[in-house]
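A closer look at the structure
Residues per chain, in single letters:
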Amino acid sequence: MGKVLIIDDEKQILGLLSRIIGLEGYDVFQASTCRAGLKQLEQQTPEVILCDVCLPDGSGVELVRELKKLRPHSEVILLTAHGNIPDGVQAIKNGAFDYITKGDDNNKILPLIAKAMEKATAAYRQEKATASPVGRQYSFDTIVGKSPAIQEAIALARKVAQTDVPVLLTGETGTGKEVFAQSIHQHSSRSGKAFVAINCSSFSRDLLESEMFGHKAGAFTGALKETKGLFEEADNGTIFLDEIGEMAFDLQAKLLRILETGEFIKIGDTRPVKVNVRVIAATNRDLSKEIAEGHFREDLFYRLSVFQIHLPPLRERSEDIPLHVKAFVTALSAKMGKEIKTISPDYINLLKKYTWKGNVRELRNMVERSLIIADGDVLTPDSLPLNIQQPNAAANDAYAGFDLSGVEKMHIQKVLKYTNGNKTETSRLLGIGLTTLYRKIEEYGL
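Predicted model only: the values in this text are computed from it and were never measured.

How two helices pack is summed up by the angle between their axes together with the distance between the axes. Contact geometry of helix H13 (residues 321–336) with helix H15 (residues 359–373) gives a least axis separation of 9 Å together with a crossing angle of 50 degrees. Taken together, the axes of H13 and H15 are oblique relative to one another. H13 and H15 meet at a crossing whose hand is right-handed. For the pair H13 and H15, contact is made by Ile321, His324, Val325, Phe328, Val329, Leu332, Ser333 and Met336 and by Val360, Leu363, Arg364, Val367, Glu368, Leu371 and Ile372, respectively. When grouped by side-chain class, the residues that make up the contact of H13 with H15 number 11 nonpolar, 2 polar and 2 charged.

See below:
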């Protein structure tokens, strides 16, 4: 449904609003001061912000300016115990979406959030869709790899980029399918237009339909105005449908119609909308198997796979691992303010022997972890997890006396320090759930 940040120093109101808004399906974040609210915006991108006017360290009316500077497309709704016209006028001038009085306007909060959410979501989506061309950072020349398998995939992508036919990218998770999609777009005649990406596995069936095709006002509860879908946003450009194998079977028919006629019908409408969009789809599933099991339309598969490119897993091109490591070290060390002068050959050899289930994405995370752990200017094997340093460590008596919990505690401490205490980012880097991280923090007394 979207994210909502609530800034209020009254714990009772903060808890009550969080519960009410959370029950509506929104992700809710809390802050009790101006400073804490601004800190939250450094870590989160809420579409809607509910902010009290009177806060311990400042005025909510003035805070609106700062909130809008950090998140221009987020909508701010100000709450006050004692409303007055001058404050309301100034709040709107500062960029607030609305200004309401606590108690008197309680019944307005949820509908107001829905309106603000719709406006903010459209603005964020429009920003992404109408951004300037994807940029030279997405280019076949910048795709890392010299192995025959990846070079063959690049050669095929270069050829198909000059055409306007649909492309189906296949391969395991983390092999770089979106990078290839963006590079194809960048080298096509549509490069000056929008590139819009959507992950089909991230939405329920109904939400995915609304995101892709848009809806008319009143089409369903909460549809307060007509909204463009991503196909309209991508008109004359390219749309990238990631995880296409996750799309609901009946929704596939609507996609097939676009591929065949260039038309679709919005939810709640009767008139067709005409678009000119190139479709690039990607999947990590075996679509032939999905067709046999009745989960994927055979006719859609043939329309999507006019030109199919398979991206090889990293374990089948281990000779490319040193190139990827070097590229990641260069990019990430600058971001972290570290200088790595040497990458140990033993470090590279261990990475080559490892089976990369998450492919290039997993390798990037591993290099990032190593940079966090490394104390000097050399990347050595001891910055890698034990399961990579010693694949058979469980059977190795040399490790029998090590205190694993102590190693784990020290590692979590290092990552927390690196992220400045950001639990969400820490859990991502560690590859564990947020709940698990909180449990570990409590267990180790961190």
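Anyway, onward from the coordinates.
Given a rise of 1.5 Å per residue, 13 residues ought to cover 18 Å, and the 19 Å separating the end C-alpha atoms of helix H10 (residues 249–261) matches this to within 8%. Of all the residues in H10, the buried ones are Leu251, Gln252, Lys254, Leu255, Leu256, Ile258 and Leu259. Along its buried surface, H10 packs onto helix H8 (205–213), helix H9 (230–233), strand S12 (238–242), strand S13 (263–265), strand S15 (278–283) and helix H12 (298–304). Immediately beyond the C-terminal end of H10, within one or two residues, lies Gly262, with a positive phi of roughly 75 degrees.

With that settled, the discussion passes to the sheet that holds strand S2 (residues 27–31). Reading across from one edge, S2-S1-S3-S6-S7 is the order of the 5 strands in this open sheet, with parallel pairing throughout. Single-partner strands in this sheet number two, and they are S2 and strand S7 (98–101). Sheet twist, expressed as the average angle between the axes of neighbouring strands with direction ignored, equals 20 degrees. Inspection of the sheet shows strand S3 (residues 48–52) paired to strand S6 (residues 75–80) by 5 bridges, in the parallel sense. Bridging across to S6, Cys51 finds its partner in Leu78. Of the strands in this sheet, strand S1 (3–7), S2 and S3 touch helix H2 (residues 34–43), which is tilted by about 140 degrees from S2.

Residues annotated by UniProt as "modified residue: 4-aspartylphosphate" (unreviewed entry) correspond here to Asp52. By the secondary structure assignment, Asp52 is in strand S3. Beyond its immediate chain neighbours, meaning those up to four positions away, Asp52 contacts Ile7, Asp8, Asp9, Gly60, Leu78, Leu79, Thr80 and Lys102.

Throughout the structure, instances matching the rule amount to 23 salt bridges. Linked through salt bridges whose partners overlap, the residues forming this network are Arg205, Asp206, Glu209, Asp250 and Lys254.

Calculation notes
Residues numbered from 1 in each chain as written. Predicted model: local features only at pLDDT ≥ 70, side-chain atom pairs only at ≥ 80, totals over all residues. Heavy atoms only, no water. Axes fitted to C-alpha atoms, helices over the stretch in contact; angles between N-to-C directions. Helix = DSSP H or I, 4+ residues; strand = E, 2+ residues; numbered from the N terminus. Parallel < 35°, antiparallel > 145°, perpendicular 65-115°, else oblique. Left-handed = near helix turned anticlockwise from the far one by under 90°. Contact = heavy atoms within 4.5 Å. Nonpolar A, V, L, I, M, F, W, Y, C, P; charged D, E, K, R; others polar. Expected span 1.5 Å × (residues − 1). Buried < 20%, exposed > 50% of the residue type's maximum accessible area, 1.4 Å probe, protein only. Pairing = 2+ DSSP bridges. UniProt positions renumbered as here; feature names shortened; annotations may be inferred. Salt bridge = Lys/Arg side-chain N within 4 Å of Asp/Glu carboxyl O.

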